[in-house]
Amino acid sequence: MAEWTDRGVALGLRRFGETQAILDVFTRNRGRARGLVHGGASRKRRSVLQPGNTLQLVWRARLADDLGHFAQAEPETERSARHLMDSLALSALTSVASLLNDALPEGEAKPGLFDATETLLDVLGDVDVWPALFVRWELGLLTALGYGLDLSRCALSGATDGLTHVSPRSGRAVRADAAAEWLDRLLPLPGFLVSNAASADGEAVGQGFRLTGWFLERRLFGDLNKPVPEPRDLMIDRLERAGRLSFPAGADSPDEE
Amino acid sequence: MTHRSAGPEILRLIDLLAKLPGLGPRSARRAALHLLKRPDQLLTPLAAALADAAEKVVACRECGNFDTVDPCSICTAAGRDDAVICAVEQVGDLWAMERSGVFRGRYHVLGGVLSALDGVGPDDLNLSGLIARALRPEVREVILALNATVEGQTTVHYIADRLAGVDVVVTRLAHGVPVGGELDHLDDGTIAAAMASRR
């Protein structure tokens, strides 16, 4: 008999038969996991197992590779119900769940990403804060899955300050003065990603989503042969319409070549 | 009775009954036996009713409800309020609303909710029909009566966005303490939703 106990954020719940449900979770010490929940289709259980909630889990199976079932899935932090009426927060919550569900491999622990995910989910009630944090979280997601950007120094001059752009090919930061002749082929790097003192206004957040979106689409999900989950586009569209981010006119993504 | 002791017609009946909600192989065998013992009172009338339904029941082209006429009897009923459309996820939800007897407008069945997990996007739902109906001059309100789940409410926000440019009031069902519910036994999420929707 295989068994483990862990904390996990619910990512998705789908009905299985009359009374059961299959629950996808992102656990702190075992990464993405899945299991059957007996009675998971009931109204009472479903409210607890909604995406975004943190659960105390006990998973059991005859063999470790079996689907297994959650012998316990008790709520620790119920976040989803708080955001049902808030379209911006709900779109962010859905984006987090679908990005993790589609990108994470099963059974690989990512404790740093788990902690960052909980932090992000906990601030979804504050729209002044979470869009910029969401961009940082996406950078963390890329890093955790081996697609991290190097924003520590300029790839051309070695300077650690004044970084303004990122190469779409290498994912390394550069300074505008060192890469002047290639600027139109580079992705703008918003200051708040390299300095806590920099402003995370709507334009900077827009640049941030454009930067992470490029690497999510071309690198991470490109290698997985999947599209970036649609909820992310809906969230960005909703933020833009709410005036929470903006994209400069003509700011199309650069060609890879 | 085991499968081996029955003829192919009975086995087929059991197999088909076992596919119905709430029935497994064991209960399907019991139901089949019950039908076979009462051919005149149950089996033959049920077969006729099923054949009749298969022949005559269609999805309403206006709202998506099941009926033997198209448009359905709710869409054509006189005395219902054309100014209010109640959008629901499934036909079962429409029936639940009708059982309550509190709504006298028209319905629209979406056929599901947005779900990234199940790959259900806006194009998979009957949204264009709802928007086309909302554009009619007599329509003043669209009620989004979807489940209080992340997927249900994500769909509510999406539809509200799509209807933003249409001259209708978009409302949704309240969330909170159910009738007969005791606070002590409610989950944190329901209490939080009830507090947020207090008046």
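Here's a quick rundown of the structure.

What counts and what doesn't
Residues numbered from 1 in each chain as written. Chains lettered and ligands numbered in written order. Predicted model: local features only at pLDDT ≥ 70, side-chain atom pairs only at ≥ 80, totals over all residues. Heavy atoms only, no water. Helix = DSSP H or I, 4+ residues; strand = E, 2+ residues; numbered from the N terminus. Rg over C-alpha atoms; globule rule 2.2 N^0.38 Å. Buried < 20%, exposed > 50% of the residue type's maximum accessible area, 1.4 Å probe, protein only. Core = buried A, V, L, I, M, F, W, Y, C linked by side-chain atoms within 4.5 Å. Domains from an automatic or database assignment. Contact = heavy atoms within 4.5 Å. Pairing = 2+ DSSP bridges. Axes fitted to C-alpha atoms, helices over the stretch in contact; angles between N-to-C directions. Buried area = accessible area lost by both parts, 1.4 Å probe. Salt bridge = Lys/Arg side-chain N within 4 Å of Asp/Glu carboxyl O. Polar contact = N/O pair within 3.5 Å; in protein donor to acceptor, adjacent residues only side chain to side chain.

## As for the overall build of chain A
Alright, step 1. Counting its secondary structure elements, chain A contains six helices and eight strands.
Alright, step 2. Listing every helix and strand of chain A by position from the N terminus yields β-β-β-α-β-β-α-α-α-β-β-β-α-α.
Alright, step 3. Its C-alpha atoms give chain A a radius of gyration of 20 Å, within 12% of the compact-globule value 18 Å for 257 residues.
Alright, step 4. Overall, the C-alpha framework of chain A stretches about 60 × 40 × 30 Å when taken along its three principal axes.

## Some points on unusual backbone geometry
Alright, step 1. A cis amide bond links Asp70 of chain B to the next residue, Pro71 of chain B, at an omega of 0 degrees.
Alright, step 2. Mapped onto the elements of the fold, Pro71 of chain B is located in the loop between strand E2 (66-67) and helix H4 (73-76).
Alright, step 3. Non-glycine residue Asn225 of chain A carries a positive phi angle of around 60 degrees.
Alright, step 4. By the secondary structure assignment, Asn225 of chain A is in the loop between helix H5 (202-223) and helix H6 (230-241).
Alright, step 5. According to the relative accessible area criterion, Asn225 of chain A is exposed, its value standing at 72%.

## Regarding the nonpolar core
Alright, step 1. Ranked by internal contacts, the top residues of the largest apolar core, which has 58 residues, are Leu100, Trp130, Phe134, Trp137, Leu141 and Phe209 of chain A.
Alright, step 2. Among the secondary structure elements, those contributing two or more residues to this core are strand E1 (2-16), helix H2 (87-103), helix H3 (111-122), helix H4 (130-144), strand E6 (163-166), strand E7 (173-175), H5 and H6 of chain A.
Alright, step 3. Take this core: its biggest share by element is ten residues, from H2 of chain A.
Alright, step 4. Taken domain by domain, this core gets at least three of its residues from each of domain 1 (2-77) and domain 2 (87-241) of chain A.
Alright, step 5. Beyond its immediate chain neighbours, meaning those up to four positions away, Phe209 of chain A contacts Pro131, Phe134, Val135, Glu138, Arg232, Met235, Ile236, Leu239 and Leu245 of chain A.
Alright, step 6. Membership of the second largest hydrophobic core comes to 20 residues, among which are Ile85, Leu127, Leu146 and Val166 of chain B.

## As for the sheet that holds E6 of chain A
Residue and element names in this part refer to chain A.
Alright, step 1. Strand order in the open sheet made by the three strands is E7-E6-E8, with antiparallel pairing throughout. Edge positions in the open sheet fall to E7 and strand E8 (187-188), since each of these has one partner strand only.
Alright, step 2. Where E6 lies against E7, three bridges are found, and the strand directions are antiparallel. Residue pairing across strands places Val166 opposite Ala173, the latter belonging to E7.

## What to know about the side chain of His83 of chain A
Alright, step 1. You can see His83 of chain A is positioned in the loop between strand E5 (69-77) and H2.
Alright, step 2. For His83 of chain A, the residues in contact, after removing those within four places along its chain, are Ala89, Leu90, Leu93, Leu121, Leu124 and Gly125 of chain A.

## Looking at the sheet that holds strand E6 (residues 169-172) of chain B
Residue and element names in this part refer to chain B.
Alright, step 1. One open sheet holds the four strands; their spatial order is E4-E3-E5-E6, and the pairing between them is parallel. On the outer flanks of this sheet lie strand E4 (105-109) and E6, each paired with one strand and no other. Between one strand axis and the next, the sheet turns by 25 degrees as a mean value, whatever way the strands run.
Alright, step 2. Two strands pair when backbone bridges link them, and strand E3 (residues 81-88) and E4 are joined in this way by five bridges, in the parallel orientation. Looking at E4, one finds that Asp81 is bridged to Gly105.
Alright, step 3. Against the sheet, helix H5 (residues 91-100) makes contact with E3 and E4, and its axis sits at roughly 160 degrees relative to E4, the strand it touches most.
Alright, step 4. In the packing of helix H7 (residues 150-162) onto the sheet, contacts are made with strand E5 (141-145) and E6, and the angle to E6 comes to roughly 175 degrees.

## Examining the interface of chain B and chain A
Alright, step 1. Every contact between the two is made by 23 residues of chain B and, on the other side, 26 residues of chain A.
Alright, step 2. The contact between chain B and chain A buries some 2,100 Å² in all, and 60% of this surface belongs to carbon and sulfur atoms.
Alright, step 3. Per-residue buried area on chain B facing chain A is highest for Leu117, Val150 and His157 of chain B; these three make up 30% of the total on that side.
Alright, step 4. Between chain B and chain A we count three salt bridges in total.
Alright, step 5. On inspection of chain B and its partner chain A, the count reaches eight residue pairs in polar contact (both at pLDDT 80 or more).
Alright, step 6. Sorting the residues of the side of chain B that touches chain A by element identifies H7 and helix H8 (188-196) of chain B as the ones contributing at least two each.

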